[in-house]
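# An overview of the molecular structure
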Amino acid sequence: MHVALTGATGFLGLRLLRRLLTRHRSVTVLSHAGSGDALHRIARFFEVTGAPEAFTAELADRLRVVETELERPRLGLPVRAFRELADGLGAIWHSAGSINLEGDLPELRRTNVEGTRHVLELAAAGRGRPVVHHVSTAFVAGGRREGVAYEDELDGAYGFENAYERSKYEAEKLIHAWSREHARPVVVLRPSILVTDLPPHPELPSHPLQVVERIMRDARRTAGGGGPERDGRPHVRLRGHPHGRLNLLQVDHAAELMVRLADRAPSGGVDTYHVVHDRDVPVPLLVALLERLVPVSVELVGTEPDDPSALESLLDFYPGLAVYLTHRRRFDDTRVRALLGPSAASDRVDLDYLCSGLAARDHVRAGPAAGPGLSSARYS
(Lines give C-alpha, C1' and ligand atoms only; values in the text may rest on other atoms or scores of the structure.)
Protein backbone atom coordinates (compact mmCIF):
# COMPACT_ATOMS: atom_id res chain seq x y z
CA MET A 1 0.00 0.00 0.00
CA HIS A 2 1.29 3.45 -0.90
CA VAL A 3 0.30 6.29 1.42
CA ALA A 4 0.14 10.06 1.12
CA LEU A 5 0.44 12.47 4.05
CA THR A 6 -0.50 16.14 4.30
CA GLY A 7 1.03 18.28 7.04
CA ALA A 8 4.20 16.19 7.13
CA THR A 9 6.36 19.11 8.32
CA GLY A 10 4.06 20.01 11.22
CA PHE A 11 4.41 19.23 14.92
CA LEU A 12 2.26 16.08 14.71
CA GLY A 13 2.86 15.37 11.01
CA LEU A 14 6.58 14.76 11.50
CA ARG A 15 5.84 12.13 14.14
CA LEU A 16 3.19 10.52 11.96
CA LEU A 17 5.69 10.39 9.12
CA ARG A 18 8.23 8.68 11.34
CA ARG A 19 5.67 6.01 12.27
CA LEU A 20 4.45 5.56 8.70
CA LEU A 21 8.02 5.00 7.50
CA THR A 22 8.29 2.04 9.87
CA ARG A 23 5.38 0.41 8.01
CA HIS A 24 5.84 1.56 4.41
CA ARG A 25 8.83 1.62 2.12
CA SER A 26 7.82 5.00 0.68
CA VAL A 27 5.45 7.86 1.49
CA THR A 28 4.16 10.67 -0.71
CA VAL A 29 4.37 13.99 1.10
CA LEU A 30 1.74 16.49 -0.05
CA SER A 31 3.50 19.72 0.87
CA HIS A 32 2.42 23.34 0.62
CA ALA A 33 3.12 24.72 -2.86
CA GLY A 34 5.89 27.28 -2.90
CA SER A 35 7.62 26.14 0.28
CA GLY A 36 10.23 24.21 -1.72
CA ASP A 37 12.03 22.88 1.35
CA ALA A 38 9.79 20.12 2.71
CA LEU A 39 12.39 17.39 2.27
CA HIS A 40 15.07 19.51 3.96
CA ARG A 41 12.80 20.32 6.92
CA ILE A 42 11.87 16.67 7.34
CA ALA A 43 15.51 15.58 7.19
CA ARG A 44 16.50 18.20 9.77
CA PHE A 45 13.80 16.95 12.13
CA PHE A 46 15.17 13.44 11.99
CA GLU A 47 18.75 14.69 12.39
CA VAL A 48 17.90 16.91 15.36
CA THR A 49 15.92 14.15 17.08
CA GLY A 50 18.74 11.63 16.79
CA ALA A 51 17.73 9.40 13.88
CA PRO A 52 20.52 7.14 12.53
CA GLU A 53 22.48 8.70 9.68
CA ALA A 54 21.62 5.77 7.40
CA PHE A 55 17.90 6.38 7.93
CA THR A 56 18.20 10.10 7.17
CA ALA A 57 20.34 9.42 4.10
CA GLU A 58 17.57 7.25 2.63
CA LEU A 59 14.83 9.86 2.96
CA ALA A 60 15.37 11.33 -0.51
CA ASP A 61 14.68 7.89 -2.00
CA ARG A 62 11.79 7.00 0.31
CA LEU A 63 9.86 10.28 0.16
CA ARG A 64 8.14 11.69 -2.90
CA VAL A 65 7.27 15.36 -2.41
CA VAL A 66 4.29 16.74 -4.36
CA GLU A 67 3.57 20.45 -3.93
CA THR A 68 -0.16 21.09 -3.53
CA GLU A 69 -2.60 23.82 -2.55
CA LEU A 70 -5.20 22.57 -0.11
CA GLU A 71 -7.60 25.45 -0.75
CA ARG A 72 -7.92 24.77 -4.48
CA PRO A 73 -9.84 22.04 -6.35
CA ARG A 74 -7.65 19.10 -7.36
CA LEU A 75 -5.20 20.45 -4.75
CA GLY A 76 -4.06 22.95 -7.38
CA LEU A 77 -2.67 20.19 -9.61
CA PRO A 78 -3.16 19.78 -13.37
CA VAL A 79 -5.84 17.24 -14.24
CA ARG A 80 -3.41 14.56 -15.39
CA ALA A 81 -1.07 14.93 -12.42
CA PHE A 82 -4.04 14.84 -10.03
CA ARG A 83 -5.38 11.65 -11.62
CA GLU A 84 -1.99 9.93 -11.56
CA LEU A 85 -1.52 10.87 -7.91
CA ALA A 86 -4.97 9.60 -6.96
CA ASP A 87 -4.59 6.31 -8.82
CA GLY A 88 -1.34 5.49 -7.03
CA LEU A 89 -2.63 5.72 -3.47
CA GLY A 90 -3.91 3.07 -1.08
CA ALA A 91 -4.30 5.37 1.94
CA ILE A 92 -4.41 9.11 2.61
CA TRP A 93 -3.49 10.75 5.90
CA HIS A 94 -4.80 14.29 6.24
CA SER A 95 -2.92 16.05 9.04
CA ALA A 96 -2.52 19.55 7.59
CA GLY A 97 -4.64 22.37 8.94
CA SER A 98 -4.66 25.75 10.58
CA ILE A 99 -4.60 25.69 14.40
CA ASN A 100 -4.89 29.47 14.79
CA LEU A 101 -7.34 30.01 17.66
CA GLU A 102 -7.48 33.71 16.78
CA GLY A 103 -8.19 33.16 13.08
CA ASP A 104 -11.43 34.34 11.50
CA LEU A 105 -13.92 31.75 10.32
CA PRO A 106 -13.68 32.37 6.53
CA GLU A 107 -9.89 31.98 6.62
CA LEU A 108 -10.07 28.84 8.77
CA ARG A 109 -12.76 27.36 6.54
CA ARG A 110 -10.55 27.79 3.49
CA THR A 111 -7.85 25.63 5.04
CA ASN A 112 -9.66 23.28 7.41
CA VAL A 113 -12.95 22.71 5.58
CA GLU A 114 -12.14 23.31 1.92
CA GLY A 115 -8.77 21.63 2.41
CA THR A 116 -10.57 18.55 3.72
CA ARG A 117 -13.03 18.71 0.82
CA HIS A 118 -10.17 18.64 -1.68
CA VAL A 119 -8.41 15.76 0.09
CA LEU A 120 -11.68 13.83 -0.13
CA GLU A 121 -11.81 14.75 -3.83
CA LEU A 122 -8.41 13.10 -4.18
CA ALA A 123 -9.68 9.98 -2.39
CA ALA A 124 -12.77 9.77 -4.60
CA ALA A 125 -10.73 10.10 -7.80
CA GLY A 126 -8.42 7.15 -7.10
CA ARG A 127 -9.06 3.76 -8.68
CA GLY A 128 -7.65 2.11 -5.56
CA ARG A 129 -10.36 3.65 -3.32
CA PRO A 130 -7.83 4.72 -0.67
CA VAL A 131 -8.88 4.82 2.97
CA VAL A 132 -8.85 8.35 4.41
CA HIS A 133 -7.39 8.97 7.87
CA HIS A 134 -8.43 12.43 9.00
CA VAL A 135 -6.74 14.17 11.93
CA SER A 136 -9.39 16.26 13.66
CA THR A 137 -9.38 17.41 17.29
CA ALA A 138 -11.11 16.38 20.50
CA PHE A 139 -12.17 20.02 20.74
CA VAL A 140 -14.93 19.56 18.16
CA ALA A 141 -16.84 19.04 21.44
CA GLY A 142 -17.06 22.85 21.33
CA GLY A 143 -18.36 25.00 24.17
CA ARG A 144 -19.45 22.13 26.39
CA ARG A 145 -17.33 22.70 29.49
CA GLU A 146 -18.57 19.92 31.78
CA GLY A 147 -19.62 16.29 31.52
CA VAL A 148 -18.28 13.67 29.11
CA ALA A 149 -17.59 14.06 25.39
CA TYR A 150 -18.00 10.71 23.62
CA GLU A 151 -16.29 9.50 20.47
CA ASP A 152 -19.51 9.11 18.49
CA GLU A 153 -20.76 12.60 19.35
CA LEU A 154 -20.63 15.39 16.79
CA ASP A 155 -23.02 18.03 18.06
CA GLY A 156 -22.80 21.78 17.57
CA ALA A 157 -25.59 22.54 20.06
CA TYR A 158 -23.16 23.87 22.67
CA GLY A 159 -21.58 26.36 20.31
CA PHE A 160 -17.83 26.76 19.98
CA GLU A 161 -15.13 28.54 21.93
CA ASN A 162 -13.59 29.89 18.72
CA ALA A 163 -13.68 29.68 14.94
CA TYR A 164 -10.99 26.99 14.92
CA GLU A 165 -13.24 24.55 16.76
CA ARG A 166 -16.14 25.33 14.45
CA SER A 167 -14.02 24.80 11.33
CA LYS A 168 -12.87 21.39 12.54
CA TYR A 169 -16.46 20.47 13.41
CA GLU A 170 -17.60 21.47 9.93
CA ALA A 171 -14.79 19.40 8.41
CA GLU A 172 -16.03 16.33 10.30
CA LYS A 173 -19.60 16.96 9.16
CA LEU A 174 -18.29 17.09 5.60
CA ILE A 175 -16.53 13.76 6.12
CA HIS A 176 -19.72 12.06 7.31
CA ALA A 177 -21.63 13.35 4.28
CA TRP A 178 -18.86 12.20 1.92
CA SER A 179 -18.69 8.75 3.52
CA ARG A 180 -22.45 8.27 3.11
CA GLU A 181 -22.48 9.55 -0.46
CA HIS A 182 -19.59 7.37 -1.63
CA ALA A 183 -20.13 4.40 0.71
CA ARG A 184 -16.49 4.72 1.73
CA PRO A 185 -14.76 4.31 5.09
CA VAL A 186 -13.03 7.18 6.88
CA VAL A 187 -11.02 7.01 10.11
CA VAL A 188 -11.32 10.19 12.19
CA LEU A 189 -8.64 10.68 14.82
CA ARG A 190 -9.30 13.28 17.51
CA PRO A 191 -6.19 14.16 19.51
CA SER A 192 -6.26 16.42 22.54
CA ILE A 193 -3.56 19.05 23.20
CA LEU A 194 -0.26 17.61 22.03
CA VAL A 195 2.93 18.31 23.96
CA THR A 196 6.55 17.19 24.10
CA ASP A 197 9.47 17.23 26.51
CA LEU A 198 11.87 17.90 23.63
CA PRO A 199 13.47 21.32 24.30
CA PRO A 200 12.67 24.08 21.78
CA HIS A 201 14.87 24.13 18.70
CA PRO A 202 14.88 26.82 15.98
CA GLU A 203 14.50 24.19 13.23
CA LEU A 204 11.59 22.34 14.82
CA PRO A 205 7.92 23.42 14.66
CA SER A 206 6.48 25.06 17.77
CA HIS A 207 3.91 23.21 19.82
CA PRO A 208 0.78 24.75 21.40
CA LEU A 209 2.10 25.44 24.91
CA GLN A 210 5.28 26.91 23.49
CA VAL A 211 3.23 29.54 21.66
CA VAL A 212 1.20 30.26 24.81
CA GLU A 213 4.42 30.83 26.74
CA ARG A 214 5.70 33.17 24.03
CA ILE A 215 2.47 35.21 24.16
CA MET A 216 2.80 35.52 27.95
CA ARG A 217 6.43 36.62 27.67
CA ASP A 218 5.71 39.16 24.93
CA ALA A 219 2.78 40.63 26.85
CA ARG A 220 4.87 40.86 30.02
CA ARG A 221 7.67 42.63 28.13
CA THR A 222 5.31 45.05 26.38
CA ALA A 223 3.35 45.96 29.52
CA GLY A 224 6.55 46.74 31.42
CA GLY A 225 6.32 47.55 35.14
CA GLY A 226 4.08 49.72 37.25
CA GLY A 227 1.13 47.36 37.63
CA PRO A 228 -0.04 45.47 40.71
CA GLU A 229 2.34 42.84 42.07
CA ARG A 230 2.06 39.73 44.19
CA ASP A 231 5.06 37.92 45.66
CA GLY A 232 7.30 40.42 43.87
CA ARG A 233 5.93 39.58 40.44
CA PRO A 234 3.34 41.23 38.18
CA HIS A 235 -0.10 40.00 39.24
CA VAL A 236 -2.26 38.55 36.45
CA ARG A 237 -5.91 37.57 36.89
CA LEU A 238 -6.95 34.90 34.38
CA ARG A 239 -10.44 33.54 34.03
CA GLY A 240 -10.34 29.90 35.02
CA HIS A 241 -11.74 27.25 37.34
CA PRO A 242 -9.66 25.95 40.26
CA HIS A 243 -11.00 22.45 39.56
CA GLY A 244 -10.60 22.76 35.80
CA ARG A 245 -8.63 20.23 33.80
CA LEU A 246 -7.15 19.86 30.35
CA ASN A 247 -6.13 16.78 28.44
CA LEU A 248 -2.49 16.91 27.34
CA LEU A 249 -0.94 14.00 25.45
CA GLN A 250 2.65 13.29 24.39
CA VAL A 251 2.82 13.89 20.64
CA ASP A 252 4.95 10.81 19.96
CA HIS A 253 2.50 8.58 21.81
CA ALA A 254 -0.38 10.18 19.90
CA ALA A 255 1.27 9.37 16.57
CA GLU A 256 1.91 5.79 17.68
CA LEU A 257 -1.73 5.30 18.71
CA MET A 258 -3.02 6.80 15.46
CA VAL A 259 -0.95 4.55 13.23
CA ARG A 260 -1.87 1.49 15.29
CA LEU A 261 -5.55 2.37 15.06
CA ALA A 262 -5.16 2.71 11.30
CA ASP A 263 -4.01 -0.92 11.19
CA ARG A 264 -7.53 -1.96 12.16
CA ALA A 265 -9.92 -2.85 9.37
CA PRO A 266 -12.39 0.08 9.03
CA SER A 267 -16.08 -0.60 9.58
CA GLY A 268 -17.12 0.87 6.25
CA GLY A 269 -18.49 4.12 7.66
CA VAL A 270 -16.83 6.77 9.82
CA ASP A 271 -14.82 5.35 12.72
CA THR A 272 -13.96 8.05 15.27
CA TYR A 273 -11.33 7.71 17.99
CA HIS A 274 -10.41 10.04 20.85
CA VAL A 275 -6.61 9.98 21.00
CA VAL A 276 -6.27 11.38 24.50
CA HIS A 277 -4.43 10.89 27.78
CA ASP A 278 -6.08 8.66 30.38
CA ARG A 279 -5.40 11.32 33.06
CA ASP A 280 -6.22 15.00 32.72
CA VAL A 281 -3.84 17.74 33.86
CA PRO A 282 -5.29 20.00 36.58
CA VAL A 283 -5.52 23.68 35.66
CA PRO A 284 -3.54 24.72 38.79
CA LEU A 285 -0.58 22.74 37.41
CA LEU A 286 -0.74 24.80 34.21
CA VAL A 287 -0.78 27.96 36.33
CA ALA A 288 2.32 26.70 38.12
CA LEU A 289 3.91 26.06 34.72
CA LEU A 290 3.35 29.66 33.59
CA GLU A 291 4.65 31.01 36.89
CA ARG A 292 7.77 28.89 36.61
CA LEU A 293 8.58 30.03 33.08
CA VAL A 294 7.31 33.62 32.98
CA PRO A 295 7.90 36.24 35.71
CA VAL A 296 4.22 36.64 36.66
CA SER A 297 1.95 35.62 39.50
CA VAL A 298 -1.32 34.13 38.18
CA GLU A 299 -4.64 34.19 40.01
CA LEU A 300 -7.63 32.24 38.67
CA VAL A 301 -10.85 34.26 38.82
CA GLY A 302 -14.46 33.39 37.95
CA THR A 303 -15.08 36.39 35.68
CA GLU A 304 -12.88 38.72 33.72
CA PRO A 305 -11.76 41.69 35.85
CA ASP A 306 -13.58 45.01 35.39
CA ASP A 307 -10.36 46.93 36.02
CA PRO A 308 -7.72 45.11 33.96
CA SER A 309 -4.09 46.08 34.31
CA ALA A 310 -2.02 46.89 31.25
CA LEU A 311 -0.71 43.33 31.23
CA GLU A 312 -4.19 41.82 31.61
CA SER A 313 -5.49 44.04 28.80
CA LEU A 314 -2.74 42.79 26.50
CA LEU A 315 -3.56 39.18 27.29
CA ASP A 316 -7.23 39.91 26.60
CA PHE A 317 -6.27 40.25 22.91
CA TYR A 318 -5.73 36.47 23.00
CA PRO A 319 -8.99 35.09 24.43
CA GLY A 320 -8.00 31.57 23.38
CA LEU A 321 -5.26 31.69 25.98
CA ALA A 322 -7.58 31.49 29.00
CA VAL A 323 -10.92 30.10 27.85
CA TYR A 324 -9.81 26.48 28.22
CA LEU A 325 -8.83 27.07 31.83
CA THR A 326 -12.55 26.92 32.64
CA HIS A 327 -13.06 23.42 31.20
CA ARG A 328 -13.93 20.48 33.41
CA ARG A 329 -15.17 18.00 30.82
CA ARG A 330 -13.64 14.60 30.11
CA PHE A 331 -13.01 12.95 26.74
CA ASP A 332 -14.15 9.35 26.66
CA ASP A 333 -11.77 6.95 24.87
CA THR A 334 -13.47 3.63 25.58
CA ARG A 335 -13.19 2.51 21.97
CA VAL A 336 -9.44 3.13 21.81
CA ARG A 337 -8.77 1.34 25.11
CA ALA A 338 -10.96 -1.60 24.04
CA LEU A 339 -8.97 -2.01 20.81
CA LEU A 340 -5.44 -1.37 22.10
CA GLY A 341 -5.68 -2.46 25.72
CA PRO A 342 -3.20 -1.32 28.39
CA SER A 343 -0.73 -0.14 25.73
CA ALA A 344 -3.06 2.79 25.02
CA ALA A 345 -2.19 4.26 28.44
CA SER A 346 0.24 7.16 28.47
CA ASP A 347 3.18 8.09 30.67
CA ARG A 348 2.54 10.85 33.16
CA VAL A 349 2.53 14.47 32.00
CA ASP A 350 3.74 16.51 34.98
CA LEU A 351 5.29 19.91 35.62
CA ASP A 352 8.87 18.88 34.88
CA TYR A 353 7.82 17.15 31.64
CA LEU A 354 6.06 20.28 30.40
CA CYS A 355 8.92 22.56 31.43
CA SER A 356 11.36 20.39 29.49
CA GLY A 357 9.43 21.09 26.30
CA LEU A 358 9.35 24.81 26.91
CA ALA A 359 12.82 25.75 28.15
CA ALA A 360 16.46 24.89 27.68
CA ARG A 361 17.62 22.06 29.92
CA ASP A 362 19.55 24.33 32.27
CA HIS A 363 16.42 26.38 32.91
CA VAL A 364 13.97 23.54 33.47
CA ARG A 365 14.10 23.60 37.24
CA ALA A 366 14.46 27.34 37.66
CA GLY A 367 11.78 29.45 39.33
CA PRO A 368 9.13 28.54 41.94
CA ALA A 369 8.41 24.85 42.34
CA ALA A 370 4.97 25.21 42.47
CA GLY A 371 -4.57 24.55 25.82
CA PRO A 372 -4.75 24.59 23.30
CA GLY A 373 -2.46 26.21 21.12
CA LEU A 374 -2.36 29.59 19.49
CA SER A 375 -0.48 29.47 16.24
CA SER A 376 0.19 31.98 13.52
CA ALA A 377 1.02 29.21 11.04
CA ARG A 378 -1.63 28.63 8.38
CA TYR A 379 -0.65 25.05 7.82
CA SER A 380 2.48 23.00 7.46
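Structure: see above.
Notes on the structure in this doc start here. Worth saying up front: this structure is predicted, and the values here are computed from it rather than measured.

## Brief notes about the sheet that holds strand S15 (residues 297-301)
Across the sheet, three strands lie side by side as S9-S10-S15; this open sheet has mixed pairing. Across the chains shown, the open sheet's two edge strands, defined by having one partner strand only, are strand S9 (229-230) and S15. Across the sheet, helix H10 (residues 283-293) touches S9, strand S10 (233-239) and S15, and the angle it forms with S15 is around 155°.

## Looking at the side chain of Ser-192
Tracing the chain through its elements places Ser-192 in the loop between strand S7 (186-191) and strand S8 (193-195). Among the residues examined, Ser-192 registers a relative accessible area of 7% and is labelled buried. At 2.7 Å, the side chain of Ser-192 forms a polar contact with the side chain of Asn-247. Contacts of Ser-192, omitting those with residues within four sequence positions, involve Ala-138, Phe-139, Asn-247, Leu-248, Leu-249, Val-275, Val-276 and His-277.

## With respect to the packing of aromatic side chains
Scanning the entire structure with this criterion turns up five aromatic pairs. Seen from their ring centres, Phe-160 and Tyr-169 are 5.0 Å apart, and the 50° between their planes marks the pair as tilted. Pair check on accessibility: Phe-160 and Tyr-169 agree, each one buried. Through a chain of ring-to-ring contacts, the aromatic side chains of Phe-45, Phe-46 and Phe-55 assemble into a single cluster. It is Arg-335 that lies over the ring of Tyr-273; its NZ or CZ is 6.0 Å from the centre.

## Here we look at the environment of Ala-254
Inspection of the secondary structure puts Ala-254 in helix H9 (residues 251-262). Separated by 22 residues in sequence, Ala-254 and Val-276 have C-alpha atoms that sit 7.6 Å apart. Sequence-distant contacts of Ala-254, defined by excluding residues within four places in its chain, comprise Leu-194, Leu-249 and Val-275.

## Describing the pattern of salt bridges
Counted under the stated rule, the structure contains 25 salt bridges. A salt bridge links Arg-72 to Glu-69, with the nearest nitrogen and oxygen atoms 3.0 Å apart. A salt bridge links Glu-312 to Arg-237; its shortest N-O distance comes to 2.8 Å. Of this pair, Glu-312 sits in helix H11 (residues 310-315) while Arg-237 sits in strand S10, placing them 75 residues apart in sequence. Residue class for Arg-237 comes out partly exposed when judged on its relative accessible area of 22%. Members of the salt-bridge network, linked through shared partners, are Arg-15, Arg-18 and Asp-252.

## Topic: the packing of helix H8 (residues 208-223) against H10
Between H8 and H10, the least distance of the axes is 11 Å, while the angle of their chain directions is 55°. With respect to their mutual orientation, H8 and H10 come out oblique. Crossing of H8 over H10 shows right-handed handedness. Across from Leu-209, Val-212, Glu-213, Met-216 and Arg-217 in H8, the residues of H10 making contact are Leu-289, Leu-290 and Leu-293.

## Overview of the nonpolar core
In this structure, Leu-248, Leu-286, Leu-289, Leu-315 and Leu-354 are the most contacted members of the largest nonpolar core, which totals 47 residues. When residues of this core are traced back to their parent elements, those giving at least two are helix H6 (105-125), helix H7 (163-182), S8, H8, S10, H10, H11 and helix H13 (351-356). With seven residues, the top contributor of residues to this core is H10. Leu-248 has contacts with Ser-192, Ile-193, Val-195, Leu-209, His-277, Val-281, Leu-286, Val-349 and Leu-354, leaving out every residue within four places of it along the chain. With 40 residues, the next largest nonpolar core counts Leu-16, Ala-91, Leu-194 and Ala-344 among its residues.

## Focus: the pairing of strand S2 (residues 27-32)
Most of S2 is tucked away: five of the six residues are buried. Taken together, the four bridges between strand S1 (residues 3-6) and S2 define a ladder with parallel strand orientation. The partner of Thr-6 across the bridge, within S2, is Leu-30. With respect to chirality, the unit in which S1 leads through helix H1 (residues 11-21) into the neighbouring parallel S2 is right-handed. Relative to strand S3 (residues 63-68), S2 runs parallel, the two being bridged by six bridges.

## Concerning the pairing of S7
For S7, a buried count of six out of six residues is recorded, marking the element as mostly surrounded by other parts of the structure. Alternating residues of S7 divide into Val-186, Val-188 and Arg-190 and Val-187, Leu-189 and Pro-191, and every residue in both groups is buried. As judged from the four bridges shared by strand S5 (residues 131-135) and S7, these two strands associate in the parallel manner. Counterpart to Val-135 in the pairing with S7 is Leu-189.

## Comments concerning H6
Structural remark: α-helix, 3.6 residues per turn; residues separated by three or four positions point the same way. Its 21 residues place the ends of H6 28 Å apart at the C-alpha level, agreeing with the 30 Å of an ideal helix rising 1.5 Å per residue. One side-chain oxygen at the N-terminal end of H6 lies 2.9 Å from the backbone nitrogen of Glu-107; it belongs to Asp-104.

## Things to note about the sheet that holds S5
The seven strands lie next to each other as S3-S2-S1-S4-S5-S7-S13, forming an open sheet whose pairing is parallel. Edge positions in the open sheet fall to S3 and strand S13 (270-275), since each of these has one partner strand only. Averaged over all pairs of adjacent strands, the angle between strand axes in this sheet comes to 20°, irrespective of strand direction. Strands S2 and S3 of the sheet are contacted by helix H2 (residues 38-48), whose axis makes an angle of about 130° with S3. With respect to the sheet, H9 is in contact with strand S4 (91-94), S5, S7 and S13, its orientation differing from that of S13 by roughly 155°.

Definitions and limits used
- Residues numbered from 1 in each chain as written.
- Predicted model: local features only at pLDDT ≥ 70, side-chain atom pairs only at ≥ 80, totals over all residues.
- Heavy atoms only, no water.
- Pairing = 2+ DSSP bridges.
- Helix = DSSP H or I, 4+ residues; strand = E, 2+ residues; numbered from the N terminus.
- Contact = heavy atoms within 4.5 Å.
- Axes fitted to C-alpha atoms, helices over the stretch in contact; angles between N-to-C directions.
- Buried < 20%, exposed > 50% of the residue type's maximum accessible area, 1.4 Å probe, protein only.
- Polar contact = N/O pair within 3.5 Å; in protein donor to acceptor, adjacent residues only side chain to side chain.
- Phe/Tyr/Trp six-rings, centres within 6.5 Å; stacked < 30°, edge-to-face > 60°.
- Lys NZ or Arg CZ within 6 Å of the ring centre and 35° of its normal.
- Salt bridge = Lys/Arg side-chain N within 4 Å of Asp/Glu carboxyl O.
- Parallel < 35°, antiparallel > 145°, perpendicular 65-115°, else oblique.
- Left-handed = near helix turned anticlockwise from the far one by under 90°.
- Core = buried A, V, L, I, M, F, W, Y, C linked by side-chain atoms within 4.5 Å.
- Right-handed = clockwise from strand over helix to strand, strands pointing away.
- Expected span 1.5 Å × (residues − 1).

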